[in-house]
Structures are given as C-alpha cells and as structure tokens.
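# Structural characterization, general
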Number of protein chains: 2
Amino acid sequence: MSKQIIRNKGLLNRPIGVFDSGLGGLTVVRELIKRLPNEDILYFGDLARLPYGIKSKEQIVQFSCANTDFLYDKGIKGLVVACNSSASASMRILRKRHAINLVDVIMPAACEAVSQTRRGRIGVIGTQATMLSKAYDKAIMKIAPKMKVFSQACPLFVPLVEEGWLKGEITRKIVKTYLTPLMRHRIDTLILGCTHYPLLKKLIQQTVGSQVRLIDSAGPTVKHLKNILGQARLLTERVRRGRLSVYVTDRPGNFVKVGERFLGRHFSEIRLLRAKAIPNLN
Amino acid sequence: MSKQIIRNKGLLNRPIGVFDSGLGGLTVVRELIKRLPNEDILYFGDLARLPYGIKSKEQIVQFSCANTDFLYDKGIKGLVVACNSSASASMRILRKRHAINLVDVIMPAACEAVSQTRRGRIGVIGTQATMLSKAYDKAIMKIAPKMKVFSQACPLFVPLVEEGWLKGEITRKIVKTYLTPLMRHRIDTLILGCTHYPLLKKLIQQTVGSQVRLIDSAGPTVKHLKNILGQARLLTERVRRGRLSVYVTDRPGNFVKVGERFLGRHFSEIRLLRAKAIPNLN
C-alpha cells in the first residue's frame, strides 16, 4: 500500500490515536495534552491481555495489529504506538498495514539519547520482549553506528509500578539489582524503554547517579508526532480544548487508581468506553 | 442442564483436562502424575492472556469459559480448574455450562485447612482477583462457619516466581511485607491460594514460622478428583503410563524454563501443541 496521506480539511479535526498494552501509555497522553492541548485523543489500553512484554513476538504482533485496526476504524489522523513491546515487534508490519501517520516511542527516544550522550555509551532498560528484539540497539545503530549500547531487561519494574511500590527499600534494592550490571559498562545515558518506568525515575536516578542522563520517551515522541502532523498540515486549527476518550478491553478494580497515576490527573474528565469486539483477535 | 454423567467403557480412557492461566497449574499436573500415573492428561495454559489475577471478574469468566469449551471439545472425562482466579470467579457458571466432573482448587484446599487448623484461625494468600472474590472465605464458611479467615493479596509473588527469584534478600523482604499483617492475626494455618506460590513455600514457611501449617492445593485437589472419578467408575484400567499433552495459546522465550520449574521434570517427554483458535474469545 502506498504511503500517500490524503489531506483535506476534514482530516484536521480527527483525533490522534494512542495505544498501549495497559495504562502506561497515558504518560504519552499527558505529554500530548501538554504540547497539543486542542487535539482530540483516542486512547486504547488492552487491559484484558496485558502485559505484552513477557509474550512472544508473534503474539505481540497479532495484538498490535488488532489494536491498530480498532483505532484506524475510528478515523484517526495519526497513531502513537506507546507500547515499547508492540513497537519493537510490529512497526514494520503496522506501517505496511495502514497508510497513516505512525509514530512509535523507540526511534524518538533513540534520537534523543544519541543527542544527549557525551561518551557514546548508552544503556537501555525495558521488558523481556523489547530487550530480546534489540529494537533500541538497531535504532541507535541506524542514527550513529559508533555508539555502544548496553541493555537490561527489568521484568519486575512493571508489577512494582502496578502495585504502587514506587519507593522504599525493596524497590530500591530491585532497581539496584537490575541496574548494577549496566553501571559497570559506564553508561552516561539511560533510555527508559517502557512507559511504566518513568514512575520509577527518581529511584533510578538515585541509583545510577546524577551524571547519567535519563531519557523518557514521552517528550521526544510527542515532539516527533507534532513535527509529522505539522508537515502534513494535519494539526487542528480549533481553539477549544481537546477531548480524551479512553477505550479499554477490561476494567479491573484498580483501573482508575493506576490510570490516574500515569495520567497525572483525575479520570473524571474522561469519557470511558469499553471496546467490546476487537476484530482479528482469537 | 442436568448433571447426569454418561458412564460407559469408552469414557474410562479419556483424558483428564487441567487448565490454568499460565504454567502454574503444572504443579497440579505433577501431583496428578504421581497419584494417577496411568491417566492421560490434557493441559491448557492461556499464556497469551495471562495473568488472570489482575483482571476483572467478568473478563476472567469469559476466559475460563473459552478454556473449558476448548478442553471439553477434546473429549475429557473430568476437568481441574487449576487457576485460583478462574475458580474463584467462574465455578458456578462452568458447572452449568457442561455436565462434566469438575474440580477446582479452592474447596479441596479449604477442606484441608479446616481439618488441619488447631485454633480455627486460617490465613489465605492469593491474587487480587481471588482475594476480592472472597471465594476461600465462602468455602471455609460452608464447611465450618465458626472459623476465622484472614486474607492478603500478594500481587508481586507471581512475577517473582516467573523471574525465578525464589530466594534471596529481596524476595524474603517482599514475603515478609505481605505476610506480617496476617501473622498479627495469629493464624495457625495458611492456604497458598495460587498455583505459583508453592515455589516460594520454603521462604513463606521461614517467614511465618514452623508452627503455621501451609496448605498447598495440588495434593487435596488431586485426591478429591480421584475420589470423584472413582465413584463415577471413570478411573482408567489401562496399565501403561499416561501421556501429558500441553496446549498453550502463546509460546514466549522462557516457556520451557518456567514450565519445567513447575512440573519438576524436563519438558522433552511432552507433546507440545498450539491452541490456534479458541472459540468464544474476542
């Protein structure tokens, strides 16, 4: 399919889609609201099937295609794949699937890391699936082949954040256990390659020391999306504040509490819907 | 639907079905192989959608029905719902759905706890979903209404086991954090209400002290199933060793390692299949 983007006045006011396996992608939404306050946003969280980061590449691709199809059918003008595990497994396939302005969290974070590093020694942390894919290594190599990249999967970070244990001795020790091998490689920049990790930022910074720069993908990703939509003349010209609609495939008990933790505001302003039938998913 | 069980010679040699959200139910299979070595077993692990314990009751019911239908269609003579979260949410619905010998892990463990307790103070630990359902409290109240039941969700235990952190200082501290409130209630018996938890048994026992009896549901569950199948004259009369077939909805990288940890033997003896299309699941 050609990548031709149909431009017309009607497209301007279409919403921007964001999907994630869970609620972590709301950190990207928070940044979107800050930088593009007049845009409508459709957020999709696959809470019934999360987490993705412990599953096979094949499975993650299947889920990611279904989520993209769902948002595409709602008539979005651009899509942010906020889930690192999804992005690392399926960007090439998603680009072929729909002629849409598509942004992931990996390339923008990789660019940011390359521009921030002083000695060219970049660390990356993320889920098992993201680390196995070597998506960050490949992205950095494309931009700056001489960089040294060191990666570490941190499988307990997501459950820790979900449990709300963002500080304290236990979390500090777990952070130290995962990050000590990276520090031995004398990294000077560290990419937080999972939307859950920014909630552990303070503890991670204390552990790696103030000389290591932490890269959170939300800011660079939204900046990149803004550029792309701007070039395509697809930024809304409306002046009213944009609306956020949240679609979830499940609504467990702690949904609101965890969601508000990521979004940084109350959920009361949000239209909450339930995605009943997602095509293409067995 | 009536609960009439059709008895005939052909039924005897049908396999026993076991399902779990993941691989934890293999602890029940391990016990099945020990006590009913000549029975064929069909194991179903919903690795694509796990974990269940953090999801809504409605969602868990939907998954559990789909898993049961899948195994039922394979022609099983009995079914063990090895997943505590599934059992706590959906046993009533599953019983209505199929006229089949159906056993869960909750009632057998509750019976065992009631028979073992000395002072009638029983603790239960499990996932968020299992604890919210109060399934153990209700089961114990049915058997012995005067018992005192104290429960505690331990959301980090499953990820810890999956990560293979079965000992060490961090895991010890997490175990202590969750169990200290229960110890304050002076429990004398503790039900491990999740198939993952027996792998932390040693550490849990050290934390609660040797005077507290730990109840692992695998043994009582298989004993109960054996009774039921025996009464229905459905135990096989074959003398050859039974076969174990494992069906999974996903096959992530650490599948074999984690599976062998639960099963307590190598996976090489197992016919590994992939459940391609599970009906009734969006």
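Now for a description of the structure that goes with this document. (Residues numbered from 1 in each chain as written. Chains lettered and ligands numbered in written order. Predicted model: local features only at pLDDT ≥ 70, side-chain atom pairs only at ≥ 80, totals over all residues. Heavy atoms only, no water.)

## Focus: the environment of arginine 233 of chain B
Following the sequence through the fold, arginine 233 of chain B ends up in the loop between α11 (218-231) and β9 (244-248). Separated by 91 residues in the primary sequence, arginine 233 of chain B and lysine 142 of chain B have C-alpha atoms spaced 28 Å apart. (Helix = DSSP H or I, 4+ residues; strand = E, 2+ residues; numbered from the N terminus.)

## Regarding the sheet that holds strand β5 (residues 121-126) of chain A
Sheets are built from strands that pair by backbone hydrogen bonding, the pairs being arranged parallel or antiparallel. Residue and element names in this part refer to chain A. Sheet architecture is open: four strands sit in the order β6-β5-β7-β8, paired in parallel fashion. Looking at the sheet topology across the chains shown, the edges are occupied by β6 (148-153) and β8 (213-216). Each strand axis lies, on average, 25° off the axis of its neighbour in the sheet, ignoring direction. Relative to strand β7 (residues 189-192), β5 runs parallel, the two being bridged by four bridges. Paired with isoleucine 122 across the bridge in β7 is threonine 189. The strands touched by helix α9 (residues 169-184) are β5, β6 and β7; relative to β6, the strand with the most contacts, the crossing angle is about 165°. (Pairing = 2+ DSSP bridges. Axes fitted to C-alpha atoms, helices over the stretch in contact; angles between N-to-C directions. Contact = heavy atoms within 4.5 Å.)

## Observations concerning the pattern of salt bridges
Residue and element names in this part refer to chain A. Under the defined criterion, the tally for this structure stands at 20 salt bridges over all chains. Between lysine 34 and glutamate 31 there is a salt bridge whose closest N-O contact spans 3.7 Å. Taken together, the residues lysine 34 and glutamate 31, both in helix α2 (residues 26-35) and three residues apart, mark about one turn of the helix. A residue is classified by how much of its surface remains accessible, and lysine 34, at 59% relative accessible area, is exposed. For glutamate 39, the salt bridge goes to lysine 77, with nearest N and O atoms at 2.6 Å. Taken together, the positions of glutamate 39 in the loop between α2 and β2 (41-45) and lysine 77 in the loop between α3 (57-73) and β3 (78-81) put the pair 38 residues apart, joining distant regions of the chain. (Salt bridge = Lys/Arg side-chain N within 4 Å of Asp/Glu carboxyl O. Buried < 20%, exposed > 50% of the residue type's maximum accessible area, 1.4 Å probe, protein only.)

## Considering the relation of the copies chain A and chain B
Overlaying chain A on chain B yields an RMSD of 0.0 Å, the required transformation being a rotation through 180° with an accompanying axial translation of 0.0 Å. The superposition operator between the copies reduces to a two-fold rotation axis. Within chain A, the C-alpha atom positioned nearest to the axis of rotation is that of arginine 49 of chain A, 2.3 Å from it. The share of interface residues of chain A whose copies in chain B are also at the interface is 100%, consistent with both copies meeting through the same surface. (Least-squares fit on C-alpha atoms with pLDDT ≥ 70 in both.)

## Some details on the packing of aromatic side chains
With the rule as written, the count across this model stands at twelve aromatic pairs over all chains. Here tyrosine 178 of chain A and tryptophan 165 of chain B contribute two aromatic rings whose centre-to-centre distance is 5.4 Å and whose plane-to-plane angle is 35°, an arrangement assigned as tilted. Taken together, the positions of tyrosine 178 of chain A in helix α9 and tryptophan 165 of chain B in the loop between α8 (157-163) and α9 (169-184) put the pair across two chains. The pair formed by tyrosine 178 of chain A and tryptophan 165 of chain B is uniform in burial state, with each residue classed as buried. When the centroid spacing of 5.2 Å and the interplanar angle of 75° are considered together, the rings of phenylalanine 70 of chain B and tyrosine 247 of chain B count as edge-to-face. Linking phenylalanine 70 of chain B in helix α3 (residues 57-73) with tyrosine 247 of chain B in strand β9, this pair joins segments that are 177 residues apart in sequence. Here the aromatic cluster, defined as three or more aromatic residues joined through ring pairs, consists of Phe157, Tyr178 and Tyr197 of chain A together with Trp165 of chain B. (Phe/Tyr/Trp six-rings, centres within 6.5 Å; stacked < 30°, edge-to-face > 60°.)

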